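# Report on the structure
One-letter residues, chain by chain:
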Amino acid sequence: MNHFLDINRTDAAELRQIIEGARAMKDARNGRPRGMTDDETPLAGHMVALIFEKPSTRTRVSFDVGVRQMGGQTMVLSGADMQLGHGETIADTARVLSRYVDLIMIRTFEEQTLIEMAEHADVPVINGLTNRTHPCQIMADIMTFEEHRGPIAGRKVVWSGDGNNVFNSFAHAAGQFGFDLTFTGPEPLDPERGFLEEARAKGVNVTIERDPHKAVEGADLVVTDTWVSMHDPVSARERRHNQLRGYQVNEDLMARAKPDALFMHCLPAHRDDEATSAVMDGPHSVIFDEAENRLHAQKAIMRWCLGV
Ligand code: CP
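Notes on the structure follow. (Residues numbered from 1 in each chain as written. Predicted model: local features only at pLDDT ≥ 70, side-chain atom pairs only at ≥ 80, totals over all residues. Heavy atoms only, no water.)

We now examine the site of the ligand. Surrounding the ligand, one finds Ser-56, Thr-57, Arg-58, Thr-59, Arg-107, His-134, Gln-137, Cys-266, Leu-267 and Arg-294. Between Arg-294 and the ligand, the recorded distance is 3.1 Å, taken from a side-chain N or O atom to an oxygen atom. Protein chains shield 95% of the accessible area of the ligand, which is 260 Å² for the free molecule. Taken together, the residues of the shell around the ligand sort by class into two nonpolar, five polar and three charged. (Near = heavy atom within 4 Å. Polar contact = N/O pair within 3.5 Å; in protein donor to acceptor, adjacent residues only side chain to side chain. Areas by Shrake-Rupley, 256 points an atom, 1.4 Å probe, with all protein chains shown as cover. Nonpolar A, V, L, I, M, F, W, Y, C, P; charged D, E, K, R; others polar.)

Another point: the sheet that holds strand E6 (residues 180-184). Ordered by their spatial adjacency, five strands build an open sheet running E7-E6-E5-E8-E9, and the pairing between neighbours is parallel. If you trace the sheet from one side to the other, it starts and ends with strand E7 (206-208) and strand E9 (262-265), each paired once. The average undirected angle you get between the axes of adjacent strands in this sheet is 20 degrees. Inspection of the sheet shows strand E5 (residues 156-160) paired to E6 by five bridges, in the parallel sense. Directly across from Ser-160, in E6, lies its bridge partner Thr-184. Across the face of the sheet, helix H6 (residues 165-177) comes into contact with E5, E6 and strand E8 (221-224) while running at roughly 155 degrees to E6. (Pairing = 2+ DSSP bridges. Helix = DSSP H or I, 4+ residues; strand = E, 2+ residues; numbered from the N terminus. Axes fitted to C-alpha atoms, helices over the stretch in contact; angles between N-to-C directions. Contact = heavy atoms within 4.5 Å.)

So, on to the pattern of salt bridges. Across all of its chains, the model carries 23 salt bridges by this definition. With its nearest N and O atoms 2.7 Å apart, the salt bridge here joins Arg-23 to Asp-27. Here Asp-27 and Arg-23 lie together in helix H1 (residues 12-29), a separation of four residues that amounts to about one turn. For Asp-27, a relative accessible area of 42% puts it in the partly exposed group. In this structure, the salt-bridge partner of Arg-240 is Asp-232, at a minimum N-O distance of 3.5 Å. With respect to class, Arg-240 is no different from Asp-232; both count as buried. Salt bridges here are not isolated pairs; linked through shared partners, they connect Arg-23, Lys-26, Asp-27, Glu-147 and Glu-292. (Salt bridge = Lys/Arg side-chain N within 4 Å of Asp/Glu carboxyl O. Buried < 20%, exposed > 50% of the residue type's maximum accessible area, 1.4 Å probe, protein only.)

For the bond running from Leu-267 to Pro-268, omega is 5 degrees, close enough to zero to count as cis. One can find Pro-268 in the loop between E9 and helix H11 (277-280). Of note, Asn-30 is a non-glycine position whose phi angle comes to about 45 degrees, a positive value. Residue position: Asn-30 is located in the loop between H1 and strand E1 (47-52).

Moving on: the pairing of strand E3 (residues 103-107). The two faces of the sheet receive side chains in turn, since in a regular strand these alternate between them. Burial within E3 is extensive, with five of its five residues counted as buried. Bridge count between E1 and E3: five bridges; the pairing is parallel. From the neighbouring strand, Ala-49 faces E3, where its bridge partner is Ile-104. Between E3 and its parallel partner strand E4 (residues 125-127), the chain crosses via helix H4 (residues 111-120), and the hand of that crossover is right-handed. (Right-handed = clockwise from strand over helix to strand, strands pointing away.)

Let us now look at the environment of Ile-301. Relative to the helices and strands, Ile-301 is located in helix H12 (residues 287-306). By relative accessible area, which is 0% here, Ile-301 ends up buried. Along the chain, Ile-301 and Gln-17 lie 284 residues apart, while their C-alpha atoms are 9.6 Å from each other. Among residues more than four places away in sequence, those in contact with Ile-301 are Phe-4, Ile-18, Ile-126, Cys-136 and Met-139.

As a further point, take the side chain of Lys-54. Looking at where Lys-54 falls in the secondary structure, it is placed in the loop between E1 and helix H2 (58-69). Look at Lys-54: it is buried, it has no salt bridge, and the nearest opposite charge is Glu-110 at 7.9 Å. Here Asn-131 takes part through its side chain, which lies 2.7 Å from a polar atom of the side chain of Lys-54. The residues touching Lys-54, leaving out its near neighbours within four places in the chain, are Arg-107, Thr-108, Phe-109, Leu-129, Thr-130, Asn-131, Met-230 and His-231. (Lys, Arg positive; Asp, Glu negative; His and termini not counted.)

Here it is as structure tokens:
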């Protein structure tokens, strides 16, 4: 059974196959109305459960639309409204859902919840974000980079800001897709070393550079994310803003990257905190292509999971 739990848990050749599938499905839609099904409807007769224990706009809508475009049906479930949020075990929830649906996508807090869901489900499980990783986002980001600039292998990606779950999936992707990755941010917000070491073990150059201006030299892609993630305490806001202010992606920082460097942000953004509106709406930015490509990448992931 093909669970899509993390980029480092999926074979590199299969990741490439997913990206190519996403590209082909996007091309095949060829401007048709968003609500119209694809010519091929490989999810016809399939029911997909979309479980959210955290808020979402892009993940919720893109998975829901993607399933419908492929001819399937969805049920969107809030973790708080399920017995899962009132003491039923993850294992029992997984066993029960497996009697009703063909595929489960879950956005949750703890990685362990995702792992247990996958261990006990008889149907594929997709990671729609945990506190540790966000693999669907990064698959869309790889697709987006390659649409604009060709193969990402051998390129330099720079992450500026908090070493969070989205960064962690970039580190997984660096190893699997073969690009170099630089983290620039304050030491207290460094990513877990294990993510960096795992990528290095796959032969890519992964560095930490405290000076954001030095970090972005030669960058093909500059990425940032919100300074306070969904799982961070609200009380941390002021401290984090003070720590991260020097890592804002603004026009001055982008000017030090390669002239044709792209800018990405997975959204939602706090405009003029982690990135200025001038950058977000400027010529380097591909943030809305990233958001669109969530749809296409996840359609390919679901087909891979189901083998259809
Ligand atoms: N980028 C992302 O996952 O967006 P949502 O939180 O809106 O799903």
